[in-house]
Amino acid sequence: PAPFTATTPQGYVETSEDTYDDPYMAPVHHARGTHPSDLPDTLASTLQHIVGQLDVLTQTMSLLEERLTMNEDKMKKMEDRVVQALGFPERKT
């Protein structure tokens, strides 16, 4: 495919030729010419820290969702066994 350049709603320029393993580490250039290296080191460091914390939060939420689904499945199986053991007719879900 031919390379392309797009401007995001936030005014950042992205090109199809740039590929990165971690999209958070990809350099982002502002359409007005501001480059990440123009940011003060403390701000850049703080933003990198925030991105890292958001990544941890995303992973945590994913694991919690998996655990919730697993527990819901176990509860459904347990409910089915109790209903069967007590001889109640099965509910349609």
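Not measured: the values here are computed from a predicted model.

### Remarks on the overall build of the chain
On a plain count of helices and strands, the chain comes out with one helix and three strands. Along the chain, from the amino end to the carboxyl end, the secondary structure elements read β-β-β-α. Here the chain holds 93 residues, and 5% of them are scored as buried. Pairs at least 24 residues apart make up 5% of the contacts formed inside the chain by residues separated by at least 6 positions.

### Details of the pattern of salt bridges
Taken as a whole, this structure holds one salt bridge when the rule is applied. Measuring nitrogen to oxygen at the nearest pair gives 2.9 Å for the salt bridge that ties Asp80 to Lys76. Placement of both Asp80 and Lys76 in helix α1 (residues 41-86) is noted, with a separation of four residues, approximately one turn of the helix. Judged by its relative accessible area of 34%, Lys76 falls in the partly exposed class.

### Remarks on α1
With 46 residues, α1 ought to run about 68 Å at 1.5 Å a step, and its terminal C-alpha atoms sit 67 Å apart, in line with that. Positive phi shows up at Gly87, right after α1, with a value of about 80°.

### Comments concerning the confidence of the model for the chain
When the pLDDT values of the chain are averaged, the result is 77; 56% of them are 70 or greater. Across the chain, the secondary-structure element scoring lowest on mean pLDDT is strand β3 (residues 29-30), at 48, and the one scoring highest is α1, at 95.

### As for a negative patch on the surface
The grouping of Glu65, Glu66, Glu72 and Asp73 at the surface amounts to a negative patch. Here Glu66 lies in helix α1.

### Notes on a nonpolar patch on the surface
Residues Leu43, Leu47, Ile50, Leu54, Leu57, Met61 and Leu64 make up a contiguous nonpolar surface patch of about 630 Å² in total accessible area. Looking at the element boundaries, Leu47 is found in helix α1.

Conventions we followed
- Residues numbered from 1 in each chain as written.
- Predicted model: local features only at pLDDT ≥ 70, side-chain atom pairs only at ≥ 80, totals over all residues.
- Heavy atoms only, no water.
- Helix = DSSP H or I, 4+ residues; strand = E, 2+ residues; numbered from the N terminus.
- Buried < 20%, exposed > 50% of the residue type's maximum accessible area, 1.4 Å probe, protein only.
- Contact = heavy atoms within 4.5 Å.
- Salt bridge = Lys/Arg side-chain N within 4 Å of Asp/Glu carboxyl O.
- Expected span 1.5 Å × (residues − 1).
- pLDDT = per-residue confidence, 0-100.
- Patch = residues over 30% accessible without salt bridge, like charges linked within 9 Å, V, L, I, M, F, W, Y side chains within 5 Å.
- Areas by Shrake-Rupley, 256 points an atom, 1.4 Å probe, with all protein chains shown as cover.
- Lys, Arg positive; Asp, Glu negative; His and termini not counted.
- Charge placed at Lys NZ, Arg CZ, Asp CG, Glu CD.

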